[in-house]
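Fold and contact review
Residues per chain, in single letters:
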Amino acid sequence: MSVAYFAPIRYYSKLLSDNATVIVEKHENYNKQSYRNRCTIYSANGLLDLVVPIAKTDNPKTPIAAVEIGYDTPWQKLHFKAIESAYRRSPFYEYYIDDLKIFFEERHRFLYDFDMKILKTLCGLMKIPFRVRESDEYMNAGAGIVDLRSGIHPKSNRRTPDPDFRAPRYTQVFSDKSGFMPDLSILDLLFHTGPEAKAILHSAIG
């Protein structure tokens, strides 16, 4: 799988598989409009995409490990305000937000390193054993390999059935107003279900 910015619930359910080794692709080229630099949260006005800006480069095929984050706009402040507005009324927002503030205060140069730090932090908060390893070279899909590098993608995540994932249902702050929204950023699950998040991820595995 690829790195992701506060990845969707389906992404984190893959980390709990007992029969697979999860390998994060470190040697692919950067893929635009993917979860590598975006996530989807549930705001008062519906679904909201938060996108980490990428610094411009002359190379159209930049390796993911070399992609730099852009800071021409105050995106960290904007993302934090959006998350606060969306989840401050959720049961476990106050419990976890201090552990996550660092991602909206400190500057990280490379997107890959930033995403990996988020992944490790969230696994720690949810008590998910971190059994992820990084690829030593670009991996070609082959027999016995489930390639999720493009399989978990904003354009297909809610349209493409995944036989190994059952989107879990839980109470969301705005579900009374706009209905339940499945498979959002892991932040949505964490802030709403807290210590139960890991068990709920287990229940989502097909």
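Presented here is a report on the structure given in the accompanying data block.

Thresholds, definitions, all that
Residues numbered from 1 in each chain as written. Predicted model: local features only at pLDDT ≥ 70, side-chain atom pairs only at ≥ 80, totals over all residues. Heavy atoms only, no water. 1 Å grid on protein atoms, 1.4 Å probe; cavity = no way out; pocket = protein on both sides within 12 Å on 5 of 7 lines; lining within 4 Å. Points joined across faces, edges and corners; volume = space filled by probe spheres on them. Helix = DSSP H or I, 4+ residues; strand = E, 2+ residues; numbered from the N terminus. Nonpolar A, V, L, I, M, F, W, Y, C, P; charged D, E, K, R; others polar. Core = buried A, V, L, I, M, F, W, Y, C linked by side-chain atoms within 4.5 Å. Buried < 20%, exposed > 50% of the residue type's maximum accessible area, 1.4 Å probe, protein only. Contact = heavy atoms within 4.5 Å. Salt bridge = Lys/Arg side-chain N within 4 Å of Asp/Glu carboxyl O.

**Examining empty space enclosed by the protein**
Across all of its chains, the model carries two cavities of 30 Å³ or more by this definition. What the second largest cavity holds in volume is close to 30 Å³. Considering the residues around the second largest cavity, the lining is formed by V3, A4, A7, Y11, Y12, D115, M116 and L119. Within the residue set of the lining of the second largest cavity, elements represented by two or more residues are helix 1 (9-14) and helix 4 (111-125). Ranked by residues supplied to the lining of the second largest cavity, first place goes to helix 4 with three residues. Within the lining of the second largest cavity, the residues separate by chemical class into seven nonpolar, no polar and one charged.

**A short note on the nonpolar core**
In terms of nonpolar packing, the biggest core is built from 63 residues, with Y5, F6, Y12 and L122 touching the most fellow members. Those elements that place two or more of their residues in this core are helix 1, strand 2 (38-43), helix 2 (75-87), helix 3 (93-100), helix 4, helix 6 (186-193) and helix 7 (197-203). Looking at this core, the element that brings in the most residues is helix 4, giving nine residues. Contact partners of Y12, with chain neighbours within four places excluded, come to A7, I118, L119, L122, C123, M126, I186 and L201.

**Here we look at the environment of A86**
Tracing the chain through its elements places A86 in helix 2. Linking A86 and A44, residues 42 residues apart in sequence, is a C-alpha distance of 6.4 Å. Beyond its immediate stretch of four places on either side in the chain, A86 contacts I41, Y42, S43, V173 and F174.

**Some words on the pattern of salt bridges**
Per the counting criterion, the structure on display carries five salt bridges. Across the salt bridge formed by E106 and K117, the nearest N and O atoms sit 3.9 Å from each other. With a gap of 11 residues between them, E106 in the loop between helix 3 and helix 4 and K117 in helix 4 connect regions that are remote in the sequence. Classification of K117 as partly exposed rests on a relative accessible area of 32%.

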